[in-house]
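Listed below are the residues making up each chain.
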Amino acid sequence: MLVLQHIHYAYSQSDSLSDISLTINAGEAVAFMGPNGSGKSTLFKLINGLIQPSAGQYYFKDQLVDTRFLKKPTQATALHRAIGFVFQNSDVQLFNETVRAELAFGPEQMGLAPDVIQQRVNDCLALLQIEKLADRVPYQLSGGEKKLVALGSVLTMNPEMIVLDEPFNGLSAAYQALLIRLLQQLNAAGKGILIASHNLAQVKQVAKRLVVFNENHQVTHDLPLTKLKQKPVLQQTLALL
Ligand SMILES: Nc1ncnc2c1ncn2[C@@H]1O[C@H](COP(=O)(O)OP(=O)(O)OP(=O)(O)O)[C@@H](O)[C@H]1O
């Protein structure tokens, strides 16, 4: 579904992504780990078409994602519908007056019928156990509540792949467990899951493949999580992230 070939990205002079090549198939659950500032969020922004590579190619469903691709509204919309992005900072993602409106916004933009939208919103409120927040102002919610609403606003669009940047940050232990179960269910239902996290124990419960960055913004490892026990040094490094 996604193919990245020799991707570089630089915000200014030096690379924040350095020669990244990855293929991610539909329905895969992949974890991205690495030190702070190694490039995980930058990669997610690039996958979502928010930034474009300084060098290299990014293909989404065999189509080259470049400035020309993203300038065509139908293509950009197809990308944004297929890949739901839950940002590290929920504040950049929430802008509606109520949680209910926030969850309805995506499906409304897709032109779905009002009763379908209502059903999706109610289903997602229940799935995330946030029914009690439905009429609250998203901006006034706690950090953890905002994160759940941001995820809900993505899930109502029923994306093929969900990209989550540090989704467990700020969540209570109970909500972390709920999120893990939910991501497992979504993956079992065929949704692709890409997750950036510093928590190996949680990552192991959600993902089946692990991609590791180093401080030079390169991918150093790309392996099935079942193979991690054969790499004690890597395991130790990841446990300390
Ligand atoms: N908007 C920006 N402008 C300039 N440099 C940036 C910007 N965003 C990120 N960077 C730099 O790009 C590099 C990669 O950052 P990125 O946020 O992708 O790392 P990360 O692996 O997600 O880190 P963390 O684990 O701390 O979230 C870092 O050196 C960072 O300082």
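A quick note: this is a predicted structure, and the numbers were derived from the prediction, not measured. (Residues numbered from 1 in each chain as written. Predicted model: local features only at pLDDT ≥ 70, side-chain atom pairs only at ≥ 80, totals over all residues.)

Caption draft 1: Structural detail: the overall build of the protein. Scanning the protein from terminus to terminus reveals 9 helices and 10 strands. In terms of overall size, the protein behaves like a compact globule, its C-alpha atoms giving a radius of gyration of 18 Å where 241 residues would be expected to give roughly 18 Å. Across its three principal directions, the C-alpha atoms of the protein cover 50 × 45 × 30 Å. Scored against the burial criterion, the 241 residues of the protein give a buried share of 35%. Within the protein, residue pairs in contact and separated by at least 24 positions form 66% of the contacts whose partners lie at least 6 positions apart. (Helix = DSSP H or I, 4+ residues; strand = E, 2+ residues; numbered from the N terminus. Rg over C-alpha atoms; globule rule 2.2 N^0.38 Å. Buried ≥ 20, exposed ≤ 12 C-beta atoms within 10 Å, placed from the backbone. Contact = placed C-beta atoms within 7 Å.)

Caption draft 2: Looking closely at the sheet that holds strand β7 (residues 161–165). Read from one edge of the open sheet, 6 strands run β6-β7-β8-β3-β9-β10, paired in mixed fashion. Of all strands in the sheet, those with a lone pairing partner are β6 (83–86) and β10 (219–224), marking the two edges. If you compare each strand with its neighbour and ignore which way they point, the axes differ by 15° on average. Where helix α1 (residues 40–47) meets the sheet, its contacts fall on β3 (29–33), β6, β7, β8 (192–196) and β9 (209–213), and the angle it forms with β7 comes to roughly 150°. (Pairing = 2+ DSSP bridges. Axes fitted to C-alpha atoms, helices over the stretch in contact; angles between N-to-C directions.)

Caption draft 3: Region of the structure containing the site of the ligand. Every residue close to the ligand is listed here: Y11, S16, G34, N36, G37, S38, G39, K40, S41 and T42. Residue classes in the shell around the ligand are distributed as 1 nonpolar, 8 polar and 1 charged. (Near = placed C-beta within 6 Å. Nonpolar A, V, L, I, M, F, W, Y, C, P; charged D, E, K, R; others polar.)

Caption draft 4: Local environment of the nonpolar core. A31, F32, V86, V163, I195 and A207 are the most contacted members of the largest nonpolar core, which totals 58 residues. Not counting residues up to four positions away in its chain, the partners in contact with A207 are A29, V30, A31, I193, I195 and L225. (Core = buried A, V, L, I, M, F, W, Y, C linked by C-beta atoms within 7 Å.)

Caption draft 5: Representation of the pairing of β3. Within β3, 5 of the 5 residues are buried, which leaves it mostly tucked inside the rest of the structure. Of the two faces of β3, the one holding A29, A31 and M33 and the one holding V30 and F32 are both buried throughout. By the bridge criterion, 4 bridges tie β3 to β8 in an arrangement that is parallel. Bridge pairing in β8 links A31 to I195.

Caption draft 6: Focus on the packing of helix α4 (residues 99–109) against helix α6 (residues 143–155). Following both chains from N to C, one finds α4 and α6 inclined at 30°, their axes separated by 7 Å at the closest point. With respect to their mutual orientation, α4 and α6 come out roughly parallel. Handedness of the crossing formed by α4 with α6: right-handed. Note on element contacts: α6 touches α4 through V149, G152 and S153, opposite V99, E102, L103, F105 and G106. Its residues placed into classes, the contact of α4 with α6 shows 4 nonpolar, 3 polar and 1 charged. (Parallel < 35°, antiparallel > 145°, perpendicular 65-115°, else oblique. Left-handed = near helix turned anticlockwise from the far one by under 90°.)

Caption draft 7: Inspection of unusual backbone geometry at higher detail. At N158, a position not held by glycine, the phi torsion is positive, near 50°. You can see N158 is positioned in the loop between α6 and β7. We note that E166 has phi near 50°; this positive angle belongs to a residue other than glycine. Within the element layout of this structure, E166 appears in the loop between β7 and α7 (173–188). Residue classification places E166 among the partly exposed positions, given that 18 C-beta atoms sit within 10 Å.

By themselves, these figures tell us nothing about what the structure is for.
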